[in-house]
Amino acid sequence: MKKFILPTLCLLVALPSARAQENTGYRKPSAEILKLVDVPRAPSVQMDRALESMVLLYRDAYKTIEELSQQELRLGGLRIDPQANIGSRTTYYTNLKVRHLNDAGSEPRQVAGLPPAPKLSNLIWSPDQTKMAFTHTTASGVEVWILDLATATARRLTEARVNANLGDAINWFKDGEALLVKMLPAQRAALIDQKLAVPSGPTISVADGKKARNRTYQDLLQNKVDQHNFKLLATSEIHKIRLDGSSERWMGGAMYRGIDFSPDGAYVLVTTIAEPFSYLVPYSRFPSVTTVYTKDAAPVATVMEVPLIEDLPKGFMATRKGRRNMDWRSDRPATLVFVEALDGGDPDNEVEFRDEVKQLEAPFTGAPVALLKTRNRFRGLVWGDDHTALCTDTWWNTRNEKTYLFDPAAPENEPTLLFDHNSEDKYGDPGQFVTKRTERGERLLVRQGNRLYLLGAGYTEEGQFPFLDALDLESGTRERLYQSAYTNRLENLIQFDADRNRLLTREESPTDYPNYCFRHLADNTVERITSFENPYESLRTVHKEVINYTRDDGLPLSGTLYLPADCDKDAAQKAPMLLWAYPREYKDMSSAGQITSNPNRFTYLHYGSPIFWVAKGYVVLDNAAFPIVGEGEDEPNDTFRTQLVANAKAAIDAVDALGYIDRSKVAVGGHSYGAFMVANLLTHSDLFAAGIARSGAYNRTLTPFGFQREERDYWEAPEVYNAMSPFMHADEMKTPLLLIHGEADNNSGTYPMQSERYFNALKGLGATVRLVLLPKESHDYRAKESILHLLYEEEQWLQKHVQ
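Residues numbered from 1 in each chain as written. Predicted model: local features only at pLDDT ≥ 70, side-chain atom pairs only at ≥ 80, totals over all residues. Heavy atoms only, no water.

Caption draft 1: Main features of the pairing of strand S42 (residues 525–528). Relative to S42, strand S41 (residues 515–520) runs antiparallel, the two being bridged by 4 bridges. By the bridge assignment, His-520 is partnered in S42 with Thr-525. Linkage of S41 to S42, two consecutive antiparallel strands, is achieved through a turn of 4 residues, within which Asn-524 is found at a positive phi near 55 degrees. (Pairing = 2+ DSSP bridges. Helix = DSSP H or I, 4+ residues; strand = E, 2+ residues; numbered from the N terminus.)

Caption draft 2: Spatial organisation of unusual backbone geometry. The step from Glu-275 to Pro-276 runs through a cis peptide bond, and the omega angle for that step is 10 degrees. Along the polypeptide, Pro-276 turns up in the loop between strand S19 (267–273) and strand S20 (288–294). With an omega of 10 degrees, the peptide bond between Ala-362 and Pro-363 qualifies as cis. The topology assignment puts Pro-363 in the loop between strand S24 (355–361) and strand S25 (369–374). One non-glycine residue with positive phi stands out, namely Leu-51, at about 60 degrees. Along the chain, the position of Leu-51 falls in the loop between strand S3 (44–47) and strand S4 (53–58).

Caption draft 3: Summary view of the pattern of salt bridges. The full count for this structure, using the stated rule, is 47 salt bridges. Between Glu-424 and Arg-399 there is a salt bridge, with the nearest N and O atoms lying 2.7 Å from each other. With Glu-424 in the loop between strand S29 (416–422) and strand S30 (432–433) and Arg-399 in the loop between strand S27 (388–395) and strand S28 (400–406), the pair connects residues that are 25 residues apart, well separated along the chain. Arg-399 matches Glu-424 in its accessibility class, with the two residues each being buried. For Glu-793, the salt bridge goes to Arg-770, with nearest N and O atoms at 2.8 Å. With Glu-793 in helix H9 (residues 784–801) and Arg-770 in strand S52 (residues 769–774), the pair connects residues that are 23 residues apart, well separated along the chain. Relative accessible area serves as the criterion here: at 3%, Glu-793 is assigned to the buried category. On the accessibility criterion, Arg-770 (12% relative accessible area) is buried. Linked by salt bridges that have partners in common, Arg-324, Asp-343, Arg-354, Asp-355 and Arg-377 make up one network. (Salt bridge = Lys/Arg side-chain N within 4 Å of Asp/Glu carboxyl O. Buried < 20%, exposed > 50% of the residue type's maximum accessible area, 1.4 Å probe, protein only.)

Caption draft 4: Here's a closer look at helix H5 (residues 640–657). Along its 18 residues, H5 runs 26 Å from first to last C-alpha, staying within 8% of the 26 Å computed at 1.5 Å per residue. Downstream of H5 by one or two residues, Gly-659 has phi in the positive range, about 90 degrees. (Expected span 1.5 Å × (residues − 1).)

Caption draft 5: Quick peek at the pairing of strand S51 (residues 737–742). Counting buried residues along S51, 6 of its 6 residues qualify, which places the element largely inside the surrounding structure. By the alternation rule, side chains of S51 split into Leu-737, Leu-739 and His-741 and Leu-738, Ile-740 and Gly-742, which are all buried. Between the parallel elements strand S50 (residues 690–694) and S51, the chain passes through helix H7 (residues 718–724) in a crossover that is right-handed. At this point the chain moves from S51, through helix H8 (residues 753–764), to the parallel S52, and the crossover so formed is right-handed. (Right-handed = clockwise from strand over helix to strand, strands pointing away.)

Caption draft 6: Focus on the sheet that holds S3. Within the open sheet, the 4 strands sit side by side as S3-S4-S8-S9. Their pairing is antiparallel. Sheet topology places S3 and strand S9 (109–110) at the edges, where each strand pairs with a single neighbour. The pairing of S3 with S4 spans 4 bridges and is antiparallel. Counted as the bridge partner of Val-45 is Leu-56 from S4.

Caption draft 7: Quick look at H8. The end-to-end C-alpha separation of H8 is 16 Å, in line with the 16 Å expected for 12 residues at 1.5 Å each. Gly-766 sits one or two residues past H8 and shows a positive phi near 85 degrees.

Caption draft 8: Quick peek at the sheet that holds strand S12 (residues 142–148). The strand order S10-S11-S12-S13 describes an open sheet built from 4 strands, whose pairing is antiparallel. With one partner strand each, in any of the chains shown, strand S10 (120–125) and strand S13 (153–156) form the two edges of the open sheet. Pairwise comparison of adjacent strand axes, ignoring direction, gives a mean angle of 25 degrees for this sheet. The pairing of S10 with strand S11 (residues 131–137) spans 4 bridges and is classified as antiparallel. (Axes fitted to C-alpha atoms, helices over the stretch in contact; angles between N-to-C directions.)

Caption draft 9: Structural view of the nonpolar core. Leu-579, Leu-621 and Leu-737 are the most contacted members of the largest nonpolar core, which totals 59 residues. If near-sequence neighbours (up to four positions away) are discounted, Leu-621 is found in contact with Ile-547, Tyr-549, Gly-559, Thr-560, Leu-561, Met-577, Leu-578, Leu-579, Trp-580, Ala-651 and Val-655. (Core = buried A, V, L, I, M, F, W, Y, C linked by side-chain atoms within 4.5 Å. Contact = heavy atoms within 4.5 Å.)

Caption draft 10: Broad picture of the packing of aromatic side chains. Overall, the coordinates contain 27 aromatic pairs when judged by the stated rule. Ring centres of Phe-277 and Phe-286 lie 5.2 Å apart, and the angle between their planes is 25 degrees; this geometry places the pair in the stacked category. The buried category is assigned to Phe-277, whose relative accessible area is 9%. Note on Phe-640 and Phe-676: the rings are 5.5 Å apart at their centroids and 35 degrees apart in plane angle, and the pair reads as tilted. Taken together, the positions of Phe-640 in helix H5 and Phe-676 in helix H6 (residues 673–684) put the pair 36 residues apart, joining distant regions of the chain. (Phe/Tyr/Trp six-rings, centres within 6.5 Å; stacked < 30°, edge-to-face > 60°.)

Caption draft 11: How the structure looks around the side chain of Asp-393. Within the fold, Asp-393 resides in strand S27. The charged side chain of Asp-393 is buried without a salt bridge, its nearest counter-charge being Lys-402 at 5.3 Å. One polar contact links the side chain of Asp-393 to the main-chain amide nitrogen of Arg-375, over a distance of 3.3 Å. Within the structure, Asp-393 has its side chain in polar contact with the side chain of Tyr-404 (distance 2.6 Å). Ignoring any residue separated from it by four or fewer positions in sequence, one finds Asp-393 in contact with Thr-374, Arg-375, Asn-376, Arg-377, Phe-378, Arg-379, Asn-400, Glu-401, Lys-402 and Tyr-404. (Lys, Arg positive; Asp, Glu negative; His and termini not counted. Polar contact = N/O pair within 3.5 Å; in protein donor to acceptor, adjacent residues only side chain to side chain.)

Caption draft 12: Structural detail: a negative patch on the surface. There is a patch of like negative charges on the surface, built from Asp-128, Asp-175, Glu-177 and Asp-244. The residue Glu-177 is located in the loop between strand S14 (170–172) and strand S15 (178–183) in this model. (Patch = residues over 30% accessible without salt bridge, like charges linked within 9 Å, V, L, I, M, F, W, Y side chains within 5 Å. Areas by Shrake-Rupley, 256 points an atom, 1.4 Å probe, with all protein chains shown as cover. Charge placed at Lys NZ, Arg CZ, Asp CG, Glu CD.)

Caption draft 13: Spatial organisation of the environment of Glu-159. You can see Glu-159 is positioned in the loop between S13 and S14. Sequence spacing of Glu-159 and Gly-458 is 299 residues, and the spatial spacing of their C-alpha atoms is 49 Å. Contacts of Glu-159, omitting those with residues within four sequence positions, involve Val-142 and Glu-143.

Caption draft 14: Region of interest: the environment of Ala-615. Tracing the backbone through its elements, the reader meets Ala-615 in the loop between helix H4 (589–592) and strand S47 (619–624). Judged by its relative accessible area of 31%, Ala-615 is partly exposed. Spatially, the C-alpha atom of Ala-615 lies 44 Å from that of Asp-148, the residues being 467 residues apart in sequence. If near-sequence neighbours (up to four positions away) are discounted, Ala-615 is found in contact with Glu-32 and Leu-36.

Caption draft 15: Structural view of the side chain of His-136. Within the fold, His-136 resides in strand S11. Side-chain polar atoms of His-136 contact the backbone nitrogen of Lys-119, separated by 3.2 Å. What His-136 contacts, discounting residues up to four positions off in sequence, is Pro-115, Pro-116, Ala-117, Pro-118, Lys-119, Leu-120, Gly-141, Val-142, Glu-143 and Trp-145.

Function cannot be inferred from these measures alone, as they are strictly geometric.
Given below as structure tokens:
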């Protein structure tokens, strides 16, 4: 397909008309849509451990296409701004405010001293919570800044020489008087321009007979020039920088991936990337070495060495051999904990226990002590004290999840199985244990006497009612301490402050923006602590409800229905409808039929929201349930197409029965796996007048070692891959399809070639199709110009083929 490039940056749009391409500038949607895009964004919030100080972080809703057009190197799964030495897709905050909640009636204070045109990221609290360190990205590099919460002032601490390419750029010393910062090496070689480099020979990859089933990762290293540039950009020195600005080199140049102080601040766990690199997997699977140092940089012990990971066994529960998940015990001064597989990392090996958790005391050279074994694959630990800890394991294939209570001081004792449940069963979800942050940001169990606490989302057949429970460790009984009783609002329970017997909550309704509150449990009073306003006043009159309906096999389904203010079921001319969905796999019908949509959630518009179209007179069914179920030995994808069409028909039938829509004017849309759904629906049903598919994959033979939640490879189940691939059935396409894709999509499996080749097949076979490639955009779209044009394209497509 020939491409014409204008001198200015343009959108490349392929049309099914006499012209093969149309070159056009960025366009904007109609005024009704435009006013919903240009709205101020409320700040996000970070609170200190004591829930007494609040930092409000403001950012622009969108980037600009100029920002996305800055130089970007894609190496080892990373996207790097080589000029600034930070991720090129980093989300930046543009302003900070501080509020002290103990000052009754106080307003947020503007932070003074921020740099001009702030680009702030990597915010991290000091151990005593009186300060925050953060980075500011300039045109030439990254600086470290310090925010003093008491005075609401910020000041620069370093020059623009921070290396944030691998993240974890800032770590506080325990005394809060200094930081460890990744800095650019004093002597640094030059990057090699890939376009100008003269090859020294071919690029050769080899296989030694081992099976190496890997997903289709993006942005991998491709040659020796990439290897050179990756190593150069990943290499840092670590400097100790005091708050007075004085600095000393703490450790020399290496590819530092992780830096982690022990809870007592005496040791530092440092992980470095090693060679050889790989052309098959991202940098997270490159070899690495983890070593313990003292806080003064003296080496203590190497505690983990990880080889290149290219050849894991098959399956989502596969893992590597050897030590993994190395971390500090958050309840002890300096004790390491790690996990080792007991099944060789291979899910196909039948064993009683899959993993074993072990600990290693300082000075980290003795024999590790085994703490417990897990029947499923290890998932995580939450520490309480010397005699209390929790461990969770999981097994994807059965959706089983277990939570154990164990005594770390008596590993010979059998752990107590607290929960053994289906991870897909939202009605039966026991909740998450309440924790508090330590000085270094880790989590410790909140315990009072024999009681632990749990916060739960509270999904039930009658609706969503979040709860706080107490679990008695001696009797094993649970007591409900609080449950939200709202039926016209949603009260999310964020944190339980056990010392003050209060809940940090966030309340919202369809027309009330989410705001933070304290609910005081002693007298059940509510204290509002933020007052963010609804920026979408024009949607206030939109009707919103969750509708329930059933599939033809009896499976309960639901979706969130939005009706325009003037929508009348008795009108002579019925409204058009847009259905938006995303398929999800389940292993049992009962979980698949549970309802987790809540009509009391705030109606928030993100860039890809279908709710924009309510302003154009559309009935919108958003988040329509599209479960794909495979029970017992059957896999969900064995009947993917049949269930997909059944879900769609049930949704349209349900809304049509309410009397609002003209079912001959129904469009369907989706993003990523939702786009894959759209293409299949338009190919294998006649339910829709048009479709919108964004950033999808359409040929599953291009993802031969699995996709989404499909574990089988192409050679095990070729009939499944072929049946599910719209590309293989392009000659059956019946309906106009708008394909949209980010030109720089970095999501596994959804590279732009998927849309380009699908478009070529459809065009060649005479289908009605339009392809829009958004320059510089990844899997999700960031630039305001791109998003406005996206909405313009969708509006024009719906106007032409639906209305």
